[in-house]
Amino acid sequence: MKKLLSSRPALWFLFLFNLSVAAVAPFAIEGSQGVMTVVGMGVVSLGAGVSLIRDRDRDRGGKAVTR
């Protein structure tokens, strides 16, 4: 499962889908549930975007930042 979720197409899907849901959620869902939906989807989208950037740096031969 980890290999599937870390593939580039899956990361692009997670990034774009969750970003679009986070953008539309405040208009579709009211109140605190809408706010929590935006926060949750935004966090997943940012995580996928960061993974895409890290993979791009690794593909170019650059050193990935590890801690």
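Details of the structure are given in the entry above.
The structure presented is a predicted model; accordingly, all values stated were derived computationally and were not measured.

Procedures and definitions
- Residues numbered from 1 in each chain as written.
- Predicted model: local features only at pLDDT ≥ 70, side-chain atom pairs only at ≥ 80, totals over all residues.
- Heavy atoms only, no water.
- Helix = DSSP H or I, 4+ residues; strand = E, 2+ residues; numbered from the N terminus.
- Expected span 1.5 Å × (residues − 1).
- Bend = angle between axes of the 7 residues up to and from the residue.
- Buried < 20%, exposed > 50% of the residue type's maximum accessible area, 1.4 Å probe, protein only.
- Phe/Tyr/Trp six-rings, centres within 6.5 Å; stacked < 30°, edge-to-face > 60°.

End to end, helix H2 (residues 8–28) covers 29 Å across 21 residues, agreeing with the expected 30 Å (1.5 Å per residue, within 8%). At Ala-22, H2 shows its maximal kink, close to 25°; a proline, Pro-26, follows between one and four residues later. Of the residues making up H2, those classed as buried are Ala-10, Leu-11, Asn-18, Ala-22 and Ala-25.

In total, this model carries 2 aromatic pairs according to the counting rule given. An angle of 80° between the planes, with centres 6.0 Å apart, marks the rings of Trp-12 and Phe-15 as edge-to-face. Of this pair, Trp-12 and Phe-15 both sit in helix H2, separated by 3 residues, roughly a single helical turn. Taking relative accessible area as the criterion, Trp-12 reaches 40% and is therefore assigned partly exposed. On the basis of relative accessible area, Phe-15 is assigned to the partly exposed category, the value being 23%. Measuring from ring centre to ring centre gives 5.4 Å for Phe-13 and Phe-17, while their planes differ by 10°; the resulting arrangement is stacked.

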